[in-house]
Amino acid sequence: MKKMTAAVFKGNGILEIETVDIPDVKEPTEVLVKVKSASICGSDIHGLHVPPGQYIKPGVVMGHEFYGYIEAVGEKAGSFKVGDCVVVNPCVPCGECWECRHDMKNLCMNPYHYGQTGDGGFAEYVVAEAGQLYKLPTDISPDIAPQTEPLACVLSGILMVKPTPVDSVLLYGAGPIGLTFIRVLKMYGIRRLAVCAKGEKRISQAKECGVDIVINSEKESPACVLEREWGGGADVVVDAVGTGRIMEEAIRILNSHGRLLLFGLNFNESAEVPPAVFTRKELKVCGALGKAFTDSITLLQDERLGIDKIVSHRFALKDIKTALELLRNKEACRVIIYPDEADIPSA
């Protein structure tokens, strides 16, 4: 059996680089993808916390933001063929739960998830269902392509709250997801965009993305800053972090008829909010877990998006632990992992 290198989750916050068997295509609807590059997600960091903020099954290869080229196909893989450049939707719906039976497969209660409950893309090869694939241009940048999945999530959330150019928008978080939100919101024509960030690097990166107001949340009150700068609160608040404190603060900052988008996901967090505020101000709250893949692939090809600019580091797969430590310490932004060190673009 041929071997490959993979980053395997061992449980209790431990990730190890191991030599494992290259997986085989066993089902007619499966394909074998040679991974070109992968991106580290905030949920990977949450999953490696002790206790974990998100579930990862011990023994699986981590990584759910990845793309590559097809090397083998099952006989029922549809139009996909060897050599195709593809990105993978990592969340495979069960098809049987209430959500799946009511056309809400993105909210499936029992999904098989590459990189969390099944083997993912922090490896040289991965087997995936053909139904989870989307074709990409063969000449796409390996820095941009693995960001398709997080961009698809961001777009899905933005479509739920429908910001307009006349809205005042407050975003919490200037990490990789937060910076992606900034890039997309600016393309939506948002003229008044404020971002809460922590740390000089995060603040600097937010400014570089064209934010109108950057609030150092360790030193300033977002409500006070917005009152001073805008004369009021925000029409839309996006929580790209996922802490309970943010929700408690956001409902006070929102203008009447405001929309709150809860995007960050961390099951260790909770919030205490007075229900009367929602009634009094007629607020709308949306949780976002969908993925707008088709739209994100179209948007990726627009040079104005510029998500290549948020890539701060590139590492070989064997050095993924170093990459994770930089992210934990907020010394890195978007980190791209390359299974083959020779594929890392020169600076």
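It should be noted that the structure appears before, not after, this text.
Please read all numbers here as calculations on a predicted model, not as lab measurements.

Engineer: Could you clarify how one ought to interpret the overall build of the chain in this entry?
Structural biologist: When its secondary structure is counted, the chain shows 10 helices and 17 strands. Expected size for 347 residues packed as a compact globule is a radius of gyration near 20 Å; at 20 Å, the chain falls within 12% of this value. Seen through its C-alpha atoms, the chain measures out along the principal axes to roughly 65 × 45 × 40 Å. Residues classed as buried in the chain amount to 53% of the 347 residues present. Across the chain, the fraction of contacts at a sequence separation of at least 24, relative to all contacts at a separation of at least 6, is 67%.

Engineer: Just checking my understanding: could you explain the packing of helix α4 (residues 176-187) against helix α5 (residues 200-208) for this structure?
Structural biologist: Packed helices, taken two at a time, are described by the angle their axes make and the gap between the axes. Contact geometry for α4 and α5: axes closest at 10 Å, N-to-C directions at 20°. On the basis of the axis angle, α4 is roughly parallel to α5. In this structure, the crossing between α4 and α5 has a hand that is right-handed. Residues Pro-176, Leu-179, Ile-182 and Arg-183 of α4 touch α5, and the partners they reach there are Arg-202, Gln-205, Ala-206 and Glu-208.

Engineer: What is the right way to read the environment of Gly-242 from this model?
Structural biologist: Looking at where Gly-242 falls in the secondary structure, it is placed in the loop between β13 (234-239) and α7 (244-253). Distance in space between the C-alpha atoms of Gly-242 and Asn-268 is 9.5 Å, their sequence separation being 26 residues. Excluding residues that lie within four positions of it along the chain, Gly-242 makes contacts with Gly-264, Leu-265, Asn-266 and Glu-269.

Engineer: Help me out: how do you make sense of unusual backbone geometry in this one?
Structural biologist: For residues that are not glycine, phi is negative in most cases, and the peptide bond is trans in most cases. Here the residue pair Val-50 and Pro-51 is connected by a cis peptide bond, since its omega of 0° sits within 30 degrees of zero. Within the secondary structure layout, Pro-51 lies in the loop between α1 (42-47) and β4 (65-73). Positive phi values are uncommon outside glycine, yet Asp-103 reaches one of about 60°. Topologically, Asp-103 is positioned in the loop between α2 (98-101) and β7 (112-113). Asp-103 gets classed as exposed once you look at its relative accessible area, which sits at 74%. The backbone phi angle of His-257 is positive, close to 65°, even though this residue is not glycine.

Engineer: I keep staring at α5 and nothing clicks. Help me out?
Structural biologist: Every α-helix winds through 3.6 residues per turn, so residues three or four apart in the chain are directed the same way. Of the residues making up α5, those classed as buried are Arg-202, Ile-203, Gln-205 and Ala-206. End-on, the buried residues of α5 take up no more than an arc of 165°, which puts them together on one face. Turned more than 90 degrees away from the buried face of α5 sit Glu-200, Lys-207 and Glu-208, all of them exposed. Among the residues trailing α5, Gly-210 stands out with phi positive, at a value near 95°.

Engineer: Before we go on, may I ask you to explain the pairing of strand β10 (residues 168-172) in this structure?
Structural biologist: Each regular strand displays side chains that alternate between the two surfaces of the sheet. The element β10 is extensively covered by neighbouring structure, given that 5 of its 5 residues are classed as buried. Here β10 shows no split at all, with Ser-168, Leu-170 and Tyr-172 on one side and Val-169 and Leu-171 on the other all buried. Pairing geometry for β10 and strand β11 (residues 192-197), over 5 bridges, is parallel. In the sheet register, Ser-168 faces β11, and the bridge partner there is Arg-192. Note on the crossover from β10 through α4 to β11: the handedness is right-handed.

Engineer: So what exactly am I meant to see when it comes to the nonpolar core here?
Structural biologist: Phe-181, Ile-182 and Leu-193 are the most contacted members of the largest nonpolar core, which totals 48 residues. For this core, the secondary-structure elements that each account for two or more residues are β5 (85-88), α3 (148-161), β10, α4, β11, α5, β13 and α9 (293-300). Looking at which element gives the most residues to this core, the answer is α3, with 7 residues. Apart from the residues within four sequence positions on either side, Leu-193 is in contact with Val-169, Leu-171, Ile-182, Leu-185, Lys-186, Val-211, Asp-212, Ile-213 and Trp-230. By size, the runner-up hydrophobic cluster in this structure holds 45 residues, among which are Ile-40, Met-62, Ala-77 and Leu-326.

Engineer: Mind showing me how you'd approach the state of the cysteines here?
Structural biologist: The bond known as a disulfide is covalent and runs between the sulfur atoms of two cysteines. Using the criterion set out here, one finds 0 disulfides in the structure. Note on Cys-153: no disulfide assigned, nearest cysteine sulfur contributed by Cys-41 at a separation of 7.5 Å. In this model Cys-286 remains outside any disulfide bridge; the closest cysteine sulfur is found in Cys-153, 16 Å from its own. Residue class for Cys-286 comes out buried when judged on its relative accessible area of 16%.

Engineer: Can you help me understand the sheet that holds strand β14 (residues 254-262) in this one?
Structural biologist: Each strand in a sheet pairs with another by means of backbone hydrogen bonds, the pair being arranged parallel or else antiparallel. Spatially, the 6 strands line up as an open sheet ordered β12-β11-β10-β13-β14-β15, and their pairing is parallel. A single partner strand is all that each edge strand has here, and the edge strands are β12 (213-216) and β15 (284-287). Adjacent strand axes in the sheet meet at a mean angle of 15°, parallel and antiparallel pairs treated alike. Docked against the sheet, α5 engages β11 and β12, running at close to 170° with respect to β12.

Engineer: Where do I start with helix α6 (residues 222-230) in this structure?
Structural biologist: The set of residues buried in α6 consists of Pro-222, Val-225, Leu-226 and Trp-230. Projection of α6 onto a plane perpendicular to its axis shows the buried side chains occupying an angular sector of 95°, all on one side. Opposite the buried face of α6, by more than 90 degrees, sit the exposed residues Cys-224 and Arg-228. Elements that come into contact with the buried residues of α6 comprise β10, β11, β12, β13 and α7. Gly-231 lies just past α6 and shows a positive phi near 75°.

The rules we used
Residues numbered from 1 in each chain as written. Predicted model: local features only at pLDDT ≥ 70, side-chain atom pairs only at ≥ 80, totals over all residues. Heavy atoms only, no water. Helix = DSSP H or I, 4+ residues; strand = E, 2+ residues; numbered from the N terminus. Rg over C-alpha atoms; globule rule 2.2 N^0.38 Å. Buried < 20%, exposed > 50% of the residue type's maximum accessible area, 1.4 Å probe, protein only. Contact = heavy atoms within 4.5 Å. Axes fitted to C-alpha atoms, helices over the stretch in contact; angles between N-to-C directions. Parallel < 35°, antiparallel > 145°, perpendicular 65-115°, else oblique. Left-handed = near helix turned anticlockwise from the far one by under 90°. Arc of directions from axis to C-beta. Pairing = 2+ DSSP bridges. Right-handed = clockwise from strand over helix to strand, strands pointing away. Core = buried A, V, L, I, M, F, W, Y, C linked by side-chain atoms within 4.5 Å. Disulfide = S-S within 2.5 Å.

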